[in-house]
Amino acid sequence: MRYFLDAEFNGFGGLLISLALVPQEPDYAPFYEALPCAAPEPWVATHVLPVLHTKPISRPAMIAKLGAYLRDDPAPVVVADWPEDIAHLAQLMVTGPGYRLASPRLIFELLDLPLFDSETLSEVPHNACYDARALRTYVLAEQR
């Protein structure tokens, strides 16, 4: 199945704050979790943290939930519009030195979408889950 990815992080090149995978099929639940952000950049404190709409959990807990979420999909395809989102997801898959989340196959699609603007199209801008839903809506409409 295809999953549409969005992540929020603490400024350019900053640590992950939240990550969402929204399945192509609307009947399936999305994955959405957040991590604590001890020293948010001012912009993040104003625009991202107030709209998290979920309680932050530990990184190991987030990794475990991600593994459980993707476990039953033999060939997930993750669609993103920003490379840093993919990088944060890939880093979550590293569970320790020489260890990673099990996945028989995982494909990343990085789309160049110059007309996609999550701030305009998202119901709750800067919330990774809503932004990923907006990405799904946009991409599926473009593919019709």
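Criteria and thresholds
- Residues numbered from 1 in each chain as written.
- Predicted model: local features only at pLDDT ≥ 70, side-chain atom pairs only at ≥ 80, totals over all residues.
- Heavy atoms only, no water.
- Helix = DSSP H or I, 4+ residues; strand = E, 2+ residues; numbered from the N terminus.
- Buried < 20%, exposed > 50% of the residue type's maximum accessible area, 1.4 Å probe, protein only.
- Contact = heavy atoms within 4.5 Å.
- Areas by Shrake-Rupley, 256 points an atom, 1.4 Å probe, with all protein chains shown as cover.
- Phe/Tyr/Trp six-rings, centres within 6.5 Å; stacked < 30°, edge-to-face > 60°.
- Lys NZ or Arg CZ within 6 Å of the ring centre and 35° of its normal.
- Core = buried A, V, L, I, M, F, W, Y, C linked by side-chain atoms within 4.5 Å.
- Lys, Arg positive; Asp, Glu negative; His and termini not counted.
- Salt bridge = Lys/Arg side-chain N within 4 Å of Asp/Glu carboxyl O.
- Polar contact = N/O pair within 3.5 Å; in protein donor to acceptor, adjacent residues only side chain to side chain.

**Focus: the overall build of the protein**
At step 1: Broken down by element type, the protein carries five helices and seven strands.
At step 2: Reading the secondary structure of the protein in the N-to-C direction produces β-β-β-α-α-β-α-β-β-β-α-α.
At step 3: Dimensions of the protein along its principal axes, counting C-alpha atoms only, are 40 × 40 × 25 Å.
At step 4: The burial tally for the protein puts 44% of its 144 residues in the buried class.
At step 5: Pairs at least 24 residues apart make up 62% of the contacts formed inside the protein by residues separated by at least 6 positions.
At step 6: Carbon and sulfur atoms make up 58% of the accessible area of the protein, which amounts to about 8000 Å² in all.

**Observations regarding the packing of aromatic side chains**
At step 1: Summed over all chains, the structure comprises three aromatic pairs.
At step 2: Centroid distance Phe31 to Tyr69: 5.6 Å. Interplanar angle 50 degrees. Geometry classified as tilted. Taken together, the residues Phe31 in strand β3 (residues 31-34) and Tyr69 in helix α2 (residues 59-70) connect sequence positions 38 residues apart.
At step 3: The exposure class assigned to Phe31 is buried, which follows from its relative accessible area of 4%.
At step 4: For Tyr69, a relative accessible area of 23% gives the class partly exposed.
At step 5: One aromatic cluster is present, built from ring pairs that chain together Tyr3, Phe31 and Tyr69.
At step 6: The lysine or arginine in question, Arg133, covers the ring of Tyr130, its NZ or CZ lying 5.2 Å from the ring centre.

**Thoughts on the nonpolar core**
Taken as a class, soluble globular proteins show a tendency for nonpolar side chains to be buried jointly.
At step 1: In terms of nonpolar packing, the biggest core is built from 21 residues, with Leu5, Leu19, Leu21, Met62 and Leu66 touching the most fellow members.
At step 2: Among the secondary structure elements, those contributing two or more residues to this core are β1 (2-9), β2 (16-23), α2, β4 (77-80) and α3 (83-92).
At step 3: Apart from residues lying up to four places away in sequence, Leu19 is in contact with Leu5, Asp6, Ala7, Phe31, Tyr32, Glu33, Met62, His88, Leu89, Leu92 and Ala128.
At step 4: Cys37, Val48, Cys129 and Ala132 belong to the second largest nonpolar core, which has twelve residues in total.

**Some points on the side chain of Asp85**
At step 1: Counting through the fold element by element, Asp85 comes out in helix α3.
At step 2: For the buried Asp85, which has no salt bridge, the nearest side chain bearing the opposite charge is Arg59, at an N-O separation of 13 Å.
At step 3: Of the polar contacts made by the side chain of Asp85, one reaches the backbone nitrogen of Ala7; its length is 3.5 Å.
At step 4: Beyond its immediate sequence surroundings of up to four residues, Asp85 is in contact with Leu5, Asp6, Ala7 and Phe9.

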